[in-house]
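What follows is the residue order along each chain.
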Amino acid sequence: MKKHNFSAGPSILSDYTIKNSASAVLDFAGTGLSILEVSHRGKEFVAVCEETRALVKELLDVPAGYEVILLGGGASLQFCMAPFNLLKKKAAYLDTGTWAANAIKEAKFFGEVDVVASSKDSNYSFIPKDYVVPSDADYFHFTSNNTIFGTEMRYDPNVNVRLVSDMSSDIFSRPIDIAKYDLIYAGAQKNLAPAGVTLVIVRVDALGKAGRPIPTMLDYSTHVKKESMFNTPPVFPIFAALQTLQWYKEQGGVAVLEKRNVEKASILYDEIDRNKLFKGTVAVEDRSIMNVCFVMNDEYRELEADFATFAAAAGMSGIKGHRSVGGFRASIYNAMPKSSVEALIETMKQFEKQH
Ligand SMILES: *Cc1c(COP(=O)(O)O)cnc(C)c1O
């Protein structure tokens, strides 16, 4: 049985991505070689890399003055690279979850970190809104989508300083006003590709001003200058990323994806709110359209393991909640078809009927 893949990450990719990647493993671009064994400097792969960066720019409407780079090391390395390159004296951070807190921890190696607000005391169940970003901060860092807790900032915050954002789990889920940002980064394994490549969009003029020596490999300028070919890039994940981007374009671009994502999320949240067995875990206005977290209602708490078994038998994969929230988490990224969300809703309805 084909499973409905609700995994939080690595996670579902489009059939187009999977099929083209599988075929390139056997024969890449008619070279008679596998994508797994070609030189990253060969003209076929250089073309893949260029098209990938160009399509990111096209899909996200990236203005002039920005570059797209493809790196290794995951989003977690960006927690360090971002302040290494951009933090001169002080940066402002919003603490909205585990990943945000990890970013804060790394930034403290490089200067003063002003945590402008935190929802940690309520287990990150909402996005703080009454905060002031000091105008002398070098940038304001936020996590646009809190993958673990299921909250999301589906807007580009209006503050007095430049924005830096970890968009690992919601990039390409909505249009972004890139001009407000100095840096956006995203590990690929939620909305783009298999694990191994990290997408970075950087304003070139923001670089070279941190006033500290930066090791070559950790300096964004190196990768901008070398067009992501300073060292061997993650060849296969980049190939897969290109397939996903092509599929996004074919679907009509990020505005179309956003509309679908909102629709998928709203039918699932409607069912969570309607079904007597379940309840959501976060403030309604901050609900993520990518990661939908829910738990059993208090009086049905003992049914949690039964629902997990029931859902697994119905082909639902990866819906166990993260240990810091418990219950369930349905990750419904761009590639997730509405039919899979409907299948989950049907499973929830059937389970309710039994109780
Ligand atoms: C998954 C995730 C990360 C961690 O990414 P790695 O590539 O494993 O380092 C960071 N931030 C967010 C928002 C995530 O969802």
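Residues numbered from 1 in each chain as written. Predicted model: local features only at pLDDT ≥ 70, side-chain atom pairs only at ≥ 80, totals over all residues. Heavy atoms only, no water.

Asker: An account of the site of the ligand is needed here, citing residue identities and associated values.
Answerer: Neighbouring the ligand are 13 residues; S76, T147, D166, Q189 and K190 lie closest to it. Contact distances for the ligand include 2.4 Å between an oxygen atom and a side-chain N or O atom of T147. Contact with the protein chains removes 87% of the 390 Å² of surface that the ligand exposes when unbound. Taken together, the residues of the shell around the ligand sort by class into three nonpolar, eight polar and two charged. (Near = heavy atom within 4 Å. Polar contact = N/O pair within 3.5 Å; in protein donor to acceptor, adjacent residues only side chain to side chain. Areas by Shrake-Rupley, 256 points an atom, 1.4 Å probe, with all protein chains shown as cover. Nonpolar A, V, L, I, M, F, W, Y, C, P; charged D, E, K, R; others polar.)

Asker: Requested: an account of the packing of helix α7 (residues 254-274) against helix α9 (residues 338-353), with residues and values cited.
Answerer: Taken N-terminus to C-terminus, the directions of α7 and α9 make an angle of 5°; their axes are 9 Å apart at the nearest point. Taken together, the axis directions place α7 and α9 in an arrangement best described as roughly parallel. Only K338, V341, E342, L344, I345, M348, K349 and E352 of α9 make contact with α7, whose side of the interface consists of E263, K264, I267, L268, E271, I272 and R274. Among the residues making up the contact of α7 with α9, the classes are represented as seven nonpolar, no polar and eight charged. (Axes fitted to C-alpha atoms, helices over the stretch in contact; angles between N-to-C directions. Helix = DSSP H or I, 4+ residues; strand = E, 2+ residues; numbered from the N terminus. Parallel < 35°, antiparallel > 145°, perpendicular 65-115°, else oblique. Contact = heavy atoms within 4.5 Å.)

Asker: So what's going on with the sheet that holds strand β12 (residues 291-296)? Residues and values would help.
Answerer: Taken together, three strands build an open sheet; the order of strands is β11-β12-β14 and the sheet is antiparallel. Strands with a single pairing partner mark the edges of an open sheet, and in this sheet they are β11 (278-280) and β14 (328-331). Along the sheet, successive strands turn relative to each other by an average axial angle of 35°, direction set aside. With four bridges joining them, β12 and β14 adopt antiparallel strand pairing. Bridged to V292 within β14 is A330. Docked against the sheet, α7 engages β11, β12 and β14, running at close to 10° with respect to β12. (Pairing = 2+ DSSP bridges.)

Asker: Let's hear about the sheet that holds strand β2 (residues 66-71): which residues, and what values?
Answerer: Taken together, seven strands build an open sheet; the order of strands is β2-β10-β9-β8-β5-β3-β4 and the sheet is mixed. If you trace the sheet from one side to the other, it starts and ends with β2 and β4 (112-118), each paired once. The mean inter-strand angle of the sheet, taken between neighbouring strand axes irrespective of direction, is 15°. Where β2 meets strand β10 (residues 198-203), six bridges bridge the pair, whose relative direction is antiparallel. In the strand pairing of β10, I69 is matched with V200. Across the sheet, helix α3 (residues 74-86) is in contact with β2, β3 (90-95), β8 (163-166), β9 (181-187) and β10; its angle to β9 comes to roughly 160°. Packed onto the sheet, helix α4 (residues 98-107) meets β3, β4, β5 (140-143), β8 and β9 and runs at close to 160° relative to β3.

Asker: Now, about the environment of E285: what can you tell me, with residues and values included?
Answerer: In this structure, E285 sits in the loop between β11 and β12. Spatially, the C-alpha atoms of E285 and S340 are 24 Å apart, while their sequence positions differ by 55 residues.

Asker: I'd like a rundown of the domain arrangement of the chain, residues and numbers included.
Answerer: Each assigned domain of the chain is listed with its residue range as follows: domain 1 (15-251) and domain 2 (253-354). Using C-alpha coordinates to define each centre, domain 1 is positioned 27 Å away from domain 2. Carbon and sulfur atoms supply 52% of the area buried between domain 1 and domain 2, which totals about 2,200 Å² over both sides. Interface area lost by domain 1 to domain 2 is led by I148, R154 and Q251, which between them contribute 23%. (Domains from an automatic or database assignment. Buried area = accessible area lost by both parts, 1.4 Å probe.)

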